[in-house]
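# Structural description and commentary
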Amino acid sequence: MATATALQVNCDRMLHRLDQLAQIGSIPGGGVCRLALTDEDKAGRDQVVAWMKALGLTITVDQLGNVVGTRPGLEAGPPVMTGSHIDTVATGGRYDGNLGVLAGLEVIETLNERQIQTRYPLAVAFFTNEEGARFHPDMMGSWVFSGGFPVEAALAEVGTDGTTVAKELERIGYAGTVPCGSQPVKAFVELHVEQGPVLDQERIQIGAVTGVQGMIWQEFTVKGVSNHAGTTPMHLRHDAGYGASAIAVAARQLALEMGGNQVATVGSIQTKPGLVNVIAKEARLTVDLRNTDSALLHQAEAQLNNKIQEIATAEGLEITSRSLARFEPVAFDPAMIDLVAQTAAGLGLSVKHMPSGAGHDAGMIAAIAPTAMIFVPSVDGISHNVKEYTAPQDLENGANILLQVLLKLAL
Ligand code: HGY
Ligand code: MN
Ligand code: MN
């Protein structure tokens, strides 16, 4: 259809929405803090729902607060869906997740302007708690939406501040009634900033994402003995603070020794009582392990657990753990990956097939529908940081590919 391939998004309009949404929960440095189900997340949700309504979309809110805006097609049936998330980490950038949702709205507005009707319905979704920073695990909403996690378990999750998903959904008015898992999807395409350095360093314009790497999040509690930092001989110490630090060093060492795609980090360490002259009696820390290869990821986990047992024995510490998130690597549908790559090439853009280092809602929806992702470069590979930045031309390229891919799937 000649007109369809000539269609372009209105990038200024999309940038304006990105800027408006970034004002909600804005933090110094141009970043955003809209932790899932907080007042800021509510305000962001209300804004996006208002835009969806203005575009004539039919809105559904499911039991976990996942929001889907649907544009009817000439035929009824499962929609071709795009979207992402609008919750952020506490030190978030303005593009992570938000770009995918607002580019979806831009596609809808472009089609509305030209009164283009698609054969199948089109939908734009934002999923609850993709980040998993306040409530674990991450990708919670899309995981429940795609039937991977029981909605009851998700609603009962207790956040880092002691409240539950259920209570917070009620409080912000997004405890919907649509049963989770009741909304079939014909195909799913997510536009997202890469959040890593590959496209930027290799000066490539588009990533045709082949899949999402596996991830394991564990929280360890290290119990030792509080004592005086000055009088206690070193060989008599059971220092939980040292134990936690030794785990952090072991995780990093393990990733460096394994090499390849293995990564590891300790993002959070808290000690009690947390005083300069008191040997810590307790420490709590999180470990994030990831790898594109399932067997290697499990090998990393086993090796780290062995090391942790050695630390516990050597230091006379009691170390327990609880799982916060556990996702196997996901491979996207080859035909969908090719569609992204061919569409990018057709628009004269350079494209690279690559895995995603970050978790994404697409990694969950892939369980119920042919799925693909489109990456655009992150300058210096920075993300989960207020300095996250993607150039307007790259944002426009990504949105135009999203437009063309959705049309090819829905016309
Ligand atoms: O942690 C992740 O990869 C995602 O941002 N939730
Ligand atoms: Mn994201
Ligand atoms: Mn993120």
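Numbering of residues begins from 1 in every chain and follows the order in which that chain's sequence is written. The lettering of chains begins at A and the numbering of ligands begins at 1, in the order of writing. Given that this is a predicted model, residues contribute local features only at a pLDDT of at least 70 and side-chain atom pairs are listed and counted only at 80 or more, while totals for whole chains, interfaces and linings are drawn from all residues. To get the side-chain values, all heavy atoms of the structure are used, and hydrogens and water are removed first.

## Digging into the coordination of the manganese ion (ligand 3)
Atoms of type N, O and S within 2.8 Å of a metal are treated as its donors, and for Na, K and Ca the window is 3.2 Å; water is not considered, so some sites may appear to be missing partners. Those protein atoms acting as donors to the manganese ion (ligand 3) are D96 (OD), E131 (OE), E131 (OE) and H384 (NE2), and they sit at 2.1 to 2.6 Å. In primary-sequence terms, the residues that donate to the manganese ion (ligand 3) follow D-x34-E-x252-H. The metal-metal distance between the manganese ion (ligand 3) and the manganese ion (ligand 2) comes to 3.6 Å, with D96 coordinating both. Here D96 is found in the loop between β5 (80-84) and α4 (98-113), whereas its partner E131 is found in the loop between β6 (122-126) and α5 (140-145), with 35 residues between them in sequence. Summarising the burial analysis for this pair, D96 and E131 share the class buried. Only runs of H or I of at least four residues qualify as helices and only runs of E of at least two qualify as strands under DSSP, and these elements are numbered from the N terminus. Per-residue accessibility, obtained with a 1.4 Å probe over protein chains only, is compared with the maximum for each type, and a residue is labelled buried under 20%, exposed over 50%, and partly exposed between these values.

## Some thoughts on the coordination of the manganese ion (ligand 2)
Protein coordination at the manganese ion (ligand 2): the donors are H85 (NE2), D96 (OD) and H192 (NE2), at 2.1 to 2.3 Å from the metal. Mapped onto the sequence, the donors of the manganese ion (ligand 2) take the spacing H-x10-D-x95-H.

## A word on the side chain of T88
Its place among the elements puts T88 in the loop between β5 and α4. Among the residues examined, T88 registers a relative accessible area of 3% and is labelled buried. Of note is the side chain of T88, whose polar atom sits 3.3 Å from the backbone oxygen of V32. Two N or O atoms count as a polar contact when they lie within 3.5 Å, although within protein this holds only if one can serve as hydrogen donor and the other as acceptor, and sequence-adjacent residues are included solely when both atoms are side-chain atoms. Polar contacts involving the side chain of T88 include one to the main-chain amide nitrogen of R34, which spans 2.7 Å. In what follows, residue pairs with any heavy atoms lying within 4.5 Å of each other are defined as contacts. Once residues lying within four places of it in the same chain are set aside, the contact partners of T88 are V32, C33, R34, L35, N98 and E131.

## Notes on the domain arrangement of the chain
The source of the domain bounds is an automatic or database domain assignment. Domain parsing of the chain yields domain 1 (4-213 + 329-410) and domain 2 (214-327). At the boundary of domain 1 with domain 2, total buried surface from both sides reaches about 1,100 Å², with 66% on carbon and sulfur atoms. Put simply, buried area is the surface a 1.4 Å probe can reach on two separate parts but cannot reach once they are joined, added for both. Interface area lost by domain 1 to domain 2 is led by H136, Q213 and P329, which between them contribute 54%. For this analysis, a salt bridge means a side-chain nitrogen from Lys or Arg found within 4 Å of a carboxyl oxygen belonging to Asp or Glu. Put simply, domain 1 and domain 2 have zero salt bridges between them. At the junction of domain 1 with domain 2, the criterion picks out one residue pair in polar contact (both at pLDDT 80 or more). Under the grouping applied here, Gly and all other residues not named as nonpolar or charged are polar, the nonpolar ones being Ala, Val, Leu, Ile, Met, Phe, Trp, Tyr, Cys and Pro and the charged ones Asp, Glu, Lys and Arg. Here the side of domain 1 that touches domain 2 is composed, by residue class, of eight nonpolar, five polar and two charged.

## Points about the site of ligand 1
The nearness test applies per residue and asks whether one of its heavy atoms lies within 4 Å of the molecule or strand. Neighbouring ligand 1 are the residues E130, E131, D138, M215, W217, R290, A358, G359 and H384. For ligand 1, an oxygen atom lies 2.7 Å from a polar atom in the side chain of R290. Relative to its free-state accessible area of 210 Å², ligand 1 is covered by the protein chains to the extent of 95%. The residue inventory of the shell around ligand 1, partitioned by class, reads three nonpolar, two polar and four charged. Every accessible area reported is derived by Shrake-Rupley at a probe size of 1.4 Å, with residue values counting cover from the shown protein chains alone.

## So, helix α9 (residues 240-258)
When the terminal C-alpha atoms of α9 are compared, their 27 Å separation across 19 residues agrees well with the 27 Å that a helix rising 1.5 Å per residue should span. Every buried residue of α9 is accounted for by A240, G241, G243, A244, A246, I247, A250, A251, L254 and A255. Between the side-chain oxygen of the N-cap and the backbone nitrogen of G241 there are 2.8 Å, and the N-cap of α9 in question is D239. Within two residues after α9, G259 carries a phi angle of roughly 65°, on the positive side. By this rule the span expected of a helix is its residue count minus one, scaled by 1.5 Å.

## Remarks on the side chain of Q183
Residue position: Q183 is located in the loop between α7 (165-172) and β7 (187-193). Residue Q183 is classed as buried on the basis of its relative accessible area of 16%. A distance of 2.9 Å separates the side chain of Q183 from the side chain of T60, its partner in a polar contact. Those residues in contact with Q183, other than ones at most four positions away along the chain, are T60, D62, V68, F145 and V178.

## A word on the nonpolar core
As used here, the term nonpolar core means buried Ala, Val, Leu, Ile, Met, Phe, Trp, Tyr and Cys residues forming a set that is joined through side-chain atoms within 4.5 Å. Grouped together as the largest cluster of nonpolar side chains are 97 residues, with contacts concentrated most on V48, L64, M81, L99 and L105. When residues in this core are grouped by element, the largest group, ten residues, is from helix α13 (residues 392-410). A domain-level breakdown of this core finds at least three residues from each of domain 1 (4-213 + 329-410) and domain 2 (214-327). Residues contacting L105, with those up to four places away along its chain left out, are R17, V48, W51, M52, L55, L57 and V124. One finds I216, A280, L289 and I311 within the second-largest nonpolar core, a separate group that totals 23 residues.

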